[in-house]
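Report on the structure
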Amino acid sequence: MRLRRDTLKNPQQELRIFRARSLLAALLVVTMTGLLMGRLGYLQVVQHEVYTTRSEKNRVRVEPLPPTRGLIQDRNGVLLAENRPTYNLMLIRERVDDLEATLARLEALLALSEEEAEAFRVRAGQRQRPFQPALLMSDLDEDQIARLAVNRHRLPGVEVEAQLLRYYPDAEIMAHALGYVGRINADELETLDAGRYAGTHFIGKTGVERFYEDVLHGQAGLRKVETNARGRVLRELGRTAPVPGKDLTLTLDKELQTLAYELLEGRRGSIVAIAPKSGDILAMVSAPGFDSNQFVTGIDVASYRGLQEDLDLPLFNRAIRGHYPPGSTIKPFLAMAGLAEGAITPEKTIYDPGYYQLPNDSRRYRNWLRWGHGRVDLERSIAVSNNTYYYSLAHDLGIDSLHARMSALGFGQRVAHDVYGESGGLMPSREWKRGRFGQSWYPGETLSVGIGQGYWQVTPLQLATATAVLANRGEWVKPRLARRIGDEPVPRELPETPPDIVVENDAWWDRIFSGMEKVISGHEGTARRTGEGLQYRMGGKSGTAQVFSLGKDQRYNAEELAERLRDHALFMAFAPLEDPEIAVAVIVENAGGGSTHAAHLARAMTDAWLLDEEAQPDVDTLRETLETDDGSVAGN
Amino acid sequence: MTMTSWTQRLRGHPVRPPSSGMTRRKSLWERVHLDPWLLLLLLVLMTAGLGVLYSASGQRIDVVIAQGIRFLVALGGLLVLAQLLPATLLRWTPLAYGAGLLMLIAVELVGDMGMGAQRWLVIPGVIRFQPSELMKLAMPMMVAAWLSRHELPPRLRDLAVCALIIALPVLLIARQPDLGTSLLVGAAGVFVVLLAGLSWRFIVALAAMAAAALPLLWMNLHNYQRQRVLTFLNPDSDPLGSGWNIIQSTTAIGSGGVWGKGWLQGTQSQLEFLPERHTDFIVAVLGEEFGLVGMLAVLLLYLLIILRGLWLAAKAHDTFGRLLGGAIILTFFLYVFVNVGMVSGILPVVGVPLPLVSYGGTSSVTLLAGFGILMAIHGHRRFLPR
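What counts and how
- Residues numbered from 1 in each chain as written.
- Chains lettered and ligands numbered in written order.
- Predicted model: local features only at pLDDT ≥ 70, side-chain atom pairs only at ≥ 80, totals over all residues.
- Contact = placed C-beta atoms within 7 Å.
- Helix = DSSP H or I, 4+ residues; strand = E, 2+ residues; numbered from the N terminus.
- Nonpolar A, V, L, I, M, F, W, Y, C, P; charged D, E, K, R; others polar.
- Pairing = 2+ DSSP bridges.
- Axes fitted to C-alpha atoms, helices over the stretch in contact; angles between N-to-C directions.
- Buried ≥ 20, exposed ≤ 12 C-beta atoms within 10 Å, placed from the backbone.
- Parallel < 35°, antiparallel > 145°, perpendicular 65-115°, else oblique.
- Left-handed = near helix turned anticlockwise from the far one by under 90°.
- pLDDT = per-residue confidence, 0-100.

Side note on the interface of chain B and chain A
Listed by partner, the interface residues are 44 residues for chain B and 39 residues for chain A. Contributing elements (two or more residues each) for the side of chain B that touches chain A: helix 8 (179-195), helix 11 (244-256), helix 12 (267-270), helix 13 (282-314) and helix 14 (319-343) of chain B. By residue number, the principal contributor to the side of chain B that touches chain A is helix 13 of chain B, which donates 12 residues. By residue class, the composition of the side of chain B that touches chain A is 23 nonpolar, 16 polar and 5 charged.

Right under this line is the structure:
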C-alpha cells in the first residue's frame, strides 16, 4: 500500500511546489543580501566619516616629549647641574610568562635586601594599564645593569629604561645657591601650564633652579604614535620637537665657592663674595650644606627628619635668609653717612674715655675697650673699631637720617636681582618701631644702631652688597647669580637698581678706605694678624654680634659659655684697595672674637681670588692658625 | 511502520545507471559528477578567503597553509561525496542521523569542556569531534528522507514526525549550551519542511508561536547569552566589555569606506583592535581593507553560489534530492547572513563563522561536504528522454 502511494506520487506537482518554494527562497535570499548590502553601504558610505574618526582615535595617541632641562655651569664653564641618564628597572607584566619566577630571579640577580624585595613585589603588583611598564626599581648601578644585560634573554618583559635625572656634582657646596629640582607636587600641578610641562616630572624648587625655572625648563614637544589595542606603541606618525631649556652660566666661581665651603667646614655660617664692578656673586655659601641630590628623586622620611631636626639647620640658607646683627662691620657705612650729612669731617676727633653718655642721662654706653681709646679720628675709629665715636655720630645723625642712609646701601630690603627666597633683613626706623611695638623711638636705641646692634639685622648677602657698593665708591651694581642666559649675557645695568650714592668730596672714600686698610694692616687694627704677609692692599671691618644680651658692664669669658652662646664673628672686606675686584662678607656663628676668625676667612677668599695659583690659601694651614689665634687679639 | 521497512524498500528503488539509454557523450565534469560553475565559484571564494585570512591572522603564512590544507582535505571529501548515488545517501540517512543523535547524547554524558561549553566528543589520542557538525547535514537529510516518502505537500502526521526529528538534536545541542548552532541546525530541518510546501497557514501559525515563545526562551537563556542580546541592542552600554567586539567591528567596516584601506593596511585589524578577527569577525577585516567594493564583490559571490545551488537543487531528479539540496544551500545562506549581520551590527553576536572564509577546519569540511552532497544529487540525476 505504501509502495503504491509512492508510485502514485505526482512528480509534476511536487516539482511545481518545490520550484515555487525555491523561487520564493531565491527572492528572499536576494532581498536579505540586499539588506546586508544596504547596511554595509550605510556603514561605509553614509557613516564613513564617523567611523574613520573613531578608528583614528583608536590607534593614534599623542605622547608628550619633555624638553631637556638647561644645564647650569659656573662662570668658567664648570658644570654645576647636569642631566644624568639613570636607569630604571621596568616590568611589563603582559610579556612576563611566569611573574613569580621572574621576580625571584631578579631579586637574586640584583642582590636585593629583604626590605627592597618586598617593595619590589608591591610595585610589581600594582594595577597598571595593559602593556604599561611598571617601575620596579629606580637608579640602577652599573653592576646591576650589566647583570641584567647578561641575563636579558631569560627575563622577557623586563626592561631597563633610561631617564634623564638632574644631578648636582657638588651638591653640598652648591645646594643653597643652586637650589634643586624635585617632583612636581599637586599644588604646582594646578598652576603650571599643562602643555609646557607635559611629560615633565620635575620642577625647580629653590634657588637658581627655581628662579630660572622658566628659562631652564624649555617647551614640551609632542609625538603622535600609532598603538595597538593593548596600548603598545608601534610607530611614530609625526612629532613636534621639544624646545630644550636654555643653559645657564652663573656668576659663581666653583673654586671660590668650594673654598668658602671648606673654610666654613665644621662651622655654622655664611660667606658671600661679590665682584663690585660687575655685581657678580662669586661665591654664596651657607654652612652646613646638604646633599641636594637626595631631593631630586624624593628624600626618604628618616633622612628628611634628620636634616630638619639637625641643630645646625643645614636646610636653612643663611646667606640670604639668616638675620644677624651686623655689629661693628657697618662702621665704615656710618662714617660715610656722617661725612655726607656733615655730622663729622675726616679730621674731627673725639675723646673716648671708654664710654659715651647721652646729654642729661647718667647711663654709660661702653666702648669695647674698658679704658677707652683716647683721642680718635675717623680713620682710627674704623681701625680700632671705637664705639664711642659711633655713639656720638649716631646721636648726631639721628635715627631718621641713619635709616635713610643705610637703606640707600640696601639694608632692610632685598638687594639681589635673581636670588630666590632672599630676605630683606631689618633696618629699624621710627615708623617700623611704632608699627611693630606701638612705641616711640628712644635716643638710646639710636646709639645701639650706631654700633650695629639693637634691632638692626642684616643678611650676609646684604652685607656683601653694601661692601661692594662702598668699594665702588657709591656706584650701585645689582648683585646677580646669572651671567649668561643661553647666549644672552645678563646686562650690567638691571632694572630697579637703587640710585648711586653721591657725596660732595670724592676723597672721603679714600679716607674711609684708609681706615679700613688699617683694620688689617695698621699696628692697632682689630684684624692686624690677618694682614701678615698680605700681597695687596685690602680694606676690611670686623664685627661681633651678641647672641643674647649681657647685662651692661658685664664681661664674660667666651669659653665659659656653651659654644652655641658665643658671639657670632663677622667680617666685611674688599680688595685690592685702589681697584676693588672682590668684596666679601663673612659670618661665622658662635665663633667668638670677630677680628680673628671671620677676618682670616675673608682674607683667604680675597687671596684666592686675587693671587696666582702658587699663592693660593691652604685651608689646613689656615685652620691651624685659627686655633692658635683664637681670641688672642681682643677686638670688636 | 519501522524505519528499516521503508529504507529497505528504497534500496530497491529503480535507479537507472546514467550510462544506460544515453546517446550523448558525457563531458569530463559529468563523469566526475561535479558542477563546474559551482566548483569554480567555491574555489574563487576560498582563494579570496585565504587572502583575507593572511591579513586577518596578522600575516601568518602558517595559518594560511593550515587553512589551505583543510580546504584540500574538504575538497577531497566533496569529490568523494559527489560520487555517491542519491539512493546510497538515502540509505545512509537514518544511520547518520541515529549516530549523530547518539553522539549528542554521549556529549551530554561524557563530553569535553571547551570554551566553557560541552561541545566536543573526544576519543583520547584519536579524534576530537563536534557531533553538532554532523547534525548540520544529517538533520536535513533525515527530514528530507521522511518527507519524500509521501506525496507533497506534507501531511500533518508527517509534520509531527519531522518536528520530532528536528527538536531532538536541537534541544540536545542547546543544552551544551550552544544556542547559535542549535538554531542553525534546526533551521536546516525547517528549510526542508518549508521547501516541501508547508502550507502558509502553518507557517503563520508557527511564526506566531515562535514569537509567543520568545519570552520563554529569554528566561531560559544563560547570562552570557542574554548579555549578547542586550549588547546588540545597545553596544555602547559596555564599550570595553561585551560591547567591544561590535563597536570595533562596525568601526572597522565603516572606516573602510568605499575603496577600503588596502590589503594588510587595515588599522583596526592589523593593530589588534578587532577581536576574533581571523575567525568569526573576519568579514570586518574584509570590509576595512577592501571597502564596500570588496564587500559587495564577496556578497555577490555568495549570492551566485546560492543561486547556482538552488538551480542545481531544482533540477534534481527526485524529491529527496531537491529538498536536501535546497536546504543545504539555504543553510549556507543563513550562515552568511547571520555572520555578516552580526559583524555589521544588525544581529546579535552568535558564534557563526563566515562560510569558507573564517579560519576553522570543521566548518569548512561540513560545508564542502554539503556541496559534495548537492553535486551528487545533481550529478546523478536521471536523464529523461525529451
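Having seen the structure, we can now continue with the description.
Observations concerning the sheet that holds strand 22 (residues 568-575) of chain A
Backbone-to-backbone hydrogen bonds join strands into a sheet, with any given pair of strands oriented parallel or antiparallel. All names here are of chain A. The strand order 14-13-23-22-21 describes an open sheet built from 5 strands, whose pairing is antiparallel. A single partner strand is all that each edge strand has here, and the edge strands are strand 14 (280-287) and strand 21 (539-545). When strand polarity is set aside, the average angle formed by the axes of neighbouring strands in this sheet is 5 degrees.

Description of the sheet that holds strand 10 (residues 233-240) of chain A
All names here are of chain A. Taken together, the 3 strands give an open sheet; going across it, the order is 1-9-10, and neighbouring strands pair in antiparallel fashion. Edge strands, defined here as strands with exactly one partner in the open sheet, are strand 1 (60-65) and strand 10. Put simply, the sheet's adjacent strands are angled 30 degrees from each other on average, direction ignored.

A few points about the pairing of strand 21 of chain A
Residue and element names in this part refer to chain A. Buried residues dominate strand 21, accounting for 7 of its 7 residues. Of the two faces of strand 21, the one carrying Gly539, Lys541, Gly543 and Ala545 and the one carrying Gly540, Ser542 and Thr544 are both buried. With 7 bridges connecting them, strand 21 and strand 22 associate as antiparallel partners. Within the sheet, the bridge partner assigned to Ala545 lies in strand 22 and is His568.

Considerations on the packing of helix 5 (residues 86-110) of chain B against helix 7 (residues 156-174) of chain B
Residue and element names in this part refer to chain B. At their nearest, the axes of helix 5 and helix 7 sit 10 Å apart, and the two run at 25 degrees to each other. With respect to each other, helix 5 and helix 7 are oriented roughly parallel. Crossing geometry of helix 5 relative to helix 7 is assigned as left-handed. Facing Gly100, Leu101, Leu104, Ile105 and Glu108 of helix 5, the residues of helix 7 in contact are Leu168, Pro169, Leu172 and Ile173. Among the residues making up the contact of helix 5 with helix 7, the classes are represented as 7 nonpolar, 1 polar and 1 charged.

Here's the deal with the confidence of the model for chain B
All names here are of chain B. Mean pLDDT over chain B works out to 83, with 85% of the residues at or above the 70 mark. Per-residue pLDDT stays below 50 along residues 1-22; that stretch engages in 18 contacts with residues further than four places along the chain or on separate chains. Of the two predicted TM-score estimates for the complex, the pTM is 0.69 and the ipTM is 0.87.

Re the confidence of the model for chain A
Residues and elements named next belong to chain A. Summarising the model, chain A shows a mean pLDDT of 87, and 93% of its residues fall at 70 or more. A low-confidence stretch, residues 1-8 (pLDDT under 50), is modelled with 4 contacts involving residues beyond four sequence positions or located in other chains. Here residues 550-554 is modelled with pLDDT under 50, and outside its nearest four sequence neighbours on either side it reaches 2 contacts, counting other chains as well.

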